[in-house]
Amino acid sequence: EVQLVESGGGSVQAGGSLRLSCTASGFTFDDSDMGWYRQAPGNSCELVSAKVSTITSDGGTYYADSVKGRFTISVDNAKNTLYLQMNSLKPEDTAVYYCAAASAPIGYYQAFSPRSFQYWGQGTQVTVSS
């Protein structure tokens with residue numbers, strides 16, 4: 001059974017930091033394109049960051065403009081874990097964060113569609129207060 005288990009969410013004041021973790025099992029982690037989405041009530045699910053094999057610049061990473069310079073995506077293949085380090089958090093970062101994995105390589109534009117990812121974590125709440 002494929003599972004993505006998230007942890008690390010919580011409540012923090014503006015300017016604080018959190019690190020989200022996503023531990024995977026049941027599929028070949030090393031060969032998967034993965035990313036982080038977030039969704040606030042009433043808003044659509046937006047791509048925050050991704051590691052995509054078809055991206056040839058910036059170490060194969062993508063960051064939304066709203067988080068660039070503040071968030072860092074990384075992987076630990078030995079632990080089958082994807083991370084999202086979030087620094088200088090802002091109230092507008094408040095959302096449920098989901099990790100996601102694709103079963104096949106995806107293109108740059110495909111990463112913006114949740115339908116491109118077959119496996120999803122359960123979501124973890126991040127709340128940033130001012």
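Bear in mind that the values here come from a model prediction, so they are computed numbers and not experimental data.

**Let's talk about the overall build of the protein chain**
No. 1: Along the protein chain, the regular secondary structure elements total zero helices and eleven strands.
No. 2: Starting at the N terminus and walking to the C terminus, you meet the elements of the protein chain as β-β-β-β-β-β-β-β-β-β-β.
No. 3: For the protein chain, the C-alpha radius of gyration of 14 Å lies close to 14 Å, the compact-globule estimate for 130 residues.
No. 4: Here the protein chain, with 130 residues, has 44% of them falling under the buried criterion.
No. 5: When contacts within the protein chain are restricted to residue pairs at least 6 apart in sequence, those whose partners lie at least 24 apart make up 59%.

**A few points about the state of the cysteines**
No. 1: Scanning the model with the defined rule gives one disulfide in all.
No. 2: For C22, the disulfide goes to C99, at an S-S distance of 2.1 Å. Because the torsion about its S-S bond is 60°, the bridge between C22 and C99 counts as right-handed. With C22 in strand β3 (residues 18–25) and C99 in strand β9 (residues 95–102), this pair connects stretches of sequence that are 77 residues apart. This pair shows no difference in class: C22 is buried, exactly as C99 is.
No. 3: For the unlinked cysteine C45, the closest cysteine sulfur is that of C99, found at 12 Å.
No. 4: Relative accessible area serves as the criterion here: at 24%, C45 is assigned to the partly exposed category.

**Notes on the side chain of E6**
No. 1: Within the secondary structure layout, E6 lies in strand β1 (residues 3–7).
No. 2: Despite its burial, E6 remains without a salt bridge, the nearest opposite charge being carried by R38 at 12 Å.
No. 3: E6 has contacts with S21, C22, W36, Y97, Y98, C99, G121, Q122, G123 and T124, leaving out every residue within four places of it along the chain.

**Some details on the environment of C45**
No. 1: Looking at the element boundaries, C45 is found in the loop between β4 (33–39) and β5 (46–51).
No. 2: On a C-alpha basis, the gap between C45 and F29 in space is 23 Å, while along the polypeptide they are 16 residues apart.

**A look at the pattern of salt bridges**
No. 1: Under the criterion given, the structure shown has four salt bridges.
No. 2: Here K68 ties to D65 by a salt bridge, and the two come within 3.3 Å at their closest N and O atoms. Comparing K68 with D65, the two get one shared label, exposed.
No. 3: Across the pair D93 and R70 runs a salt bridge, and its minimum N-O distance is 2.8 Å. With a gap of 23 residues between them, D93 in the loop between β8 (81–86) and β9 and R70 in the loop between β6 (61–63) and β7 (71–76) connect regions that are remote in the sequence.
No. 4: Residues participating in the shared-partner salt-bridge network are R38, E46, R70 and D93.

Basis of the calculations
- Residues numbered from 1 in each chain as written.
- Predicted model: local features only at pLDDT ≥ 70, side-chain atom pairs only at ≥ 80, totals over all residues.
- Heavy atoms only, no water.
- Helix = DSSP H or I, 4+ residues; strand = E, 2+ residues; numbered from the N terminus.
- Rg over C-alpha atoms; globule rule 2.2 N^0.38 Å.
- Buried < 20%, exposed > 50% of the residue type's maximum accessible area, 1.4 Å probe, protein only.
- Contact = heavy atoms within 4.5 Å.
- Disulfide = S-S within 2.5 Å.
- Lys, Arg positive; Asp, Glu negative; His and termini not counted.
- Salt bridge = Lys/Arg side-chain N within 4 Å of Asp/Glu carboxyl O.

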